[in-house]
Amino acid sequence: MTADFDIRMAPARRRAGIALFALVVSLGAPLAALAETTLIHAGHLIDGRDGQMHAQKTVVVNDGKIAEIRDGFASPAAGESAIDLRDMTVMPGLIDLHTHLSSQASRNSYVEVYRLEPADYAIRGTVYAKRTLMAGFTTVRDVGDRFNVTIALKRAIAGGEIVGPRIYTAAKSLASTGGHADATNSMRSDLAGDPGPRHGIVNGVEDARKAVRQRYKDGADLIKITATGGVLSVAASGQNPQFSMEELRAIVDAASDYGFHVAAHAHGTEGIKRAVEAGVRTIEHGTYLDDEAMQMMKERGTYLVPTLMAGEAVTQKAKIDGFYPEVVRGKASKIGPAMVGTFRRAVDLGVPIAFGTDAGVFAHGTNGREFRLMVDGGMEPMRTIESATRVAAEVLGAEDRLGTIENGKLADLVAVRGNPLENIDLMTDIDFVMKDGVVHKHEVVAE
């Protein structure tokens, strides 16, 4: 999925105001009111640190943070409350490093870009954000939106106006003219215009620097580039390299100046190698990684974000007449099935792997299926959970706050009823969600 170039710029301020208003008034679930100190009685605990399952632990939560982890089930003192999760496995809040909260693929997606207003995308984003949180993902990285709505969404969630995960957003992805994230692809010339760095289109080193600086000005948290062609864009190639080395280095260098890391959408081998050599932090998809590219990633500490659910989704949708334009359908039927084999080789060769799904290519809130696909691809269940907790936090540079259950970390906790190491499908059925010490979901089984 990629962001869209706004071809109706004249009333932009009015539309931005509408979008922000839509975010503020959208309804979220009521937040649970807890005592200042809450004891979480965990039948089993995966803390994300040591690769072990621990039995009968009490996690002490105070002022939105983890204050202590005790052995056994501690009794609450005066003024404390307790939450009984003794029949559950408690884990750190999950992190999805590849989402698109402003959209969701459908038969109408390629027409809606001409019809929907920014406020429409903003309102839909509030719905998708809530579904994502209820699925156990307390933090996400959004890697390409429409009209910068995830910047406003991030602020509204952080301010408590609406319910959703903590968001790190790239806002509008960067592309070259005609590239995967050039949303004017297939438009007639008078509509397409000539979008430039403000709208994420880069042609040359100066454009690269300006595009990064514009993302900083807009309020983004990272940079997303489309280093190769892609599946869902209305363009012929799904894998050709789409930036020069000079452009890639300029993007990475400028991003570094502003404290950004760079995520690179990349299917084709040459584009992957260029992006890794330029210094991106993550390769998204990585469909045609060869052994040389995998070795480069290992040497440089570049993470693969595999998005296996996206591969599964586009493979299935390509079989449906009329769901995708024919140029997209052809790419989807080839690239989608290739992703699983690449992932298996990456696991075997020890490439760093972090969790990401490409939610938005498929339905938001179903992100947990990625765990099953990763296990089927040869990754051990514990490693898949760590890829969505500790490892994902490292990618974000937020390992001091997120990703493990330790004293001083933010109280982001999720739980499933049973043992996910024995049944990884439990990760699609999260029973308990706490973010920043606030309970957003707690399903209790009736006696």
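### Focus: the environment of Gly-164
Logical step 1: Note that Gly-164 resides in the loop between helix H4 (149-158) and strand S7 (166-169).
Logical step 2: Spatially, the C-alpha atoms of Gly-164 and Gly-193 are 35 Å apart, while their sequence positions differ by 29 residues.
Logical step 3: In contact with Gly-164, not counting residues within four places along its chain, are Ala-129, Leu-133, Ile-157 and Lys-435.

### Overview of the packing of aromatic side chains
Logical step 1: Overall, the coordinates contain seven aromatic pairs when judged by the stated rule.
Logical step 2: Taking 5.7 Å as the distance between ring centres and 25° as the angle between the ring planes, the aromatic pair formed by Phe-137 and Phe-355 counts as stacked. One end of the pair, Phe-137, is in strand S6 (residues 137-142); the other, Phe-355, is in the loop between helix H11 (326-349) and helix H12 (369-376), with 218 residues separating them in the sequence.
Logical step 3: You can call Phe-137 buried: its relative accessible area is 0%.
Logical step 4: Residue class for Phe-355 comes out buried when judged on its relative accessible area of 0%.
Logical step 5: Members of the aromatic cluster, connected to one another through ring pairs, are Phe-137, Phe-355 and Phe-371.
Logical step 6: Over the face of the ring belonging to Phe-73 we find Arg-86, whose NZ or CZ atom lies 5.7 Å from the ring centre.

### Let's talk about H11
Logical step 1: Between its terminal C-alpha atoms H11 stretches 36 Å, which fits the 34 Å expected from 24 residues at 1.5 Å a residue.
Logical step 2: At Ala-332, H11 shows its maximal kink, close to 30°.

### Some thoughts on the sheet that holds strand S8 (residues 223-226)
Each strand in a sheet pairs with another by means of backbone hydrogen bonds, the pair being arranged parallel or else antiparallel.
Logical step 1: Strands sit in the order S8-S9-S10-S11 across an open sheet of four strands; the sheet is parallel. Each edge of the open sheet carries a strand with a single partner, namely S8 and strand S11 (303-305). Across the sheet, the mean angle separating the axes of adjacent strands is 25° when strand polarity is ignored.
Logical step 2: Inspection of the sheet shows S8 paired to strand S9 (residues 262-266) by four bridges, in the parallel sense. Residue Lys-224 lies in a different strand from S9, and its bridge partner there is Ala-263.

### Observations regarding the environment of Val-414
Logical step 1: Tracing the backbone through its elements, the reader meets Val-414 in strand S12 (residues 413-416).
Logical step 2: Owing to a relative accessible area of 0%, Val-414 belongs among the buried residues under this scheme.
Logical step 3: Taking the C-alpha atoms as reference points, Val-414 and Phe-432, separated by 18 residues in sequence, lie 5.2 Å from one another.

### Some words on the packing of helix H7 (residues 245-257) against helix H8 (residues 269-278)
Logical step 1: Where H7 meets H8, the axes come as close as 9 Å, and the angle between the chain directions of the two elements is 40°. Between H7 and H8, the crossing angle belongs to the class labelled oblique. Our pair here, H7 against H8, has a crossing hand that is right-handed. When H7 is examined against H8, the residues Met-245, Leu-248, Arg-249 and Val-252 are found in contact with a partner set consisting of Arg-274, Ala-275, Glu-277 and Ala-278.
Logical step 2: Looking at the contact of H7 with H8 residue by residue, the classes come out as five nonpolar, no polar and three charged.

### Focus: the sheet that holds strand S13 (residues 432-435)
Logical step 1: Reading across the sheet, the seven strands line up as S3-S2-S1-S4-S12-S13-S14 and stay open at both edges, with mixed pairing between neighbours. Edge positions in the open sheet fall to strand S3 (65-71) and strand S14 (438-442), since each of these has one partner strand only. Put simply, the sheet's adjacent strands are angled 30° from each other on average, direction ignored.
Logical step 2: Across eight bridges, the pairing between strand S1 (residues 37-45) and strand S2 (residues 54-62) is antiparallel. Its bridge partner lying in S2, Leu-45 is registered against His-54.

### Some thoughts on the pattern of salt bridges
Logical step 1: Applying the stated rule across the entire model yields 31 salt bridges.
Logical step 2: Among the ionic pairs, Arg-166 bridges to Asp-412, the shortest N-O distance being 2.7 Å. Taken as a pair, Arg-166 in strand S7 and Asp-412 in the loop between helix H14 (390-396) and S12 lie far apart in primary sequence, 246 residues in all.
Logical step 3: The buried category is assigned to Asp-412, whose relative accessible area is 6%.
Logical step 4: A salt bridge links Lys-273 to Glu-292, with the nearest nitrogen and oxygen atoms 2.8 Å apart. Placement of the pair is Lys-273 in helix H8 and Glu-292 in helix H9 (residues 291-300), with a sequence separation of 19 residues.
Logical step 5: Within the structure, one salt-bridge network assembled from shared partners comprises Asp-47, Arg-49, Glu-406 and Lys-409.

Calculation notes
Residues numbered from 1 in each chain as written. Predicted model: local features only at pLDDT ≥ 70, side-chain atom pairs only at ≥ 80, totals over all residues. Heavy atoms only, no water. Helix = DSSP H or I, 4+ residues; strand = E, 2+ residues; numbered from the N terminus. Contact = heavy atoms within 4.5 Å. Phe/Tyr/Trp six-rings, centres within 6.5 Å; stacked < 30°, edge-to-face > 60°. Buried < 20%, exposed > 50% of the residue type's maximum accessible area, 1.4 Å probe, protein only. Lys NZ or Arg CZ within 6 Å of the ring centre and 35° of its normal. Expected span 1.5 Å × (residues − 1). Bend = angle between axes of the 7 residues up to and from the residue. Pairing = 2+ DSSP bridges. Axes fitted to C-alpha atoms, helices over the stretch in contact; angles between N-to-C directions. Parallel < 35°, antiparallel > 145°, perpendicular 65-115°, else oblique. Left-handed = near helix turned anticlockwise from the far one by under 90°. Nonpolar A, V, L, I, M, F, W, Y, C, P; charged D, E, K, R; others polar. Salt bridge = Lys/Arg side-chain N within 4 Å of Asp/Glu carboxyl O.

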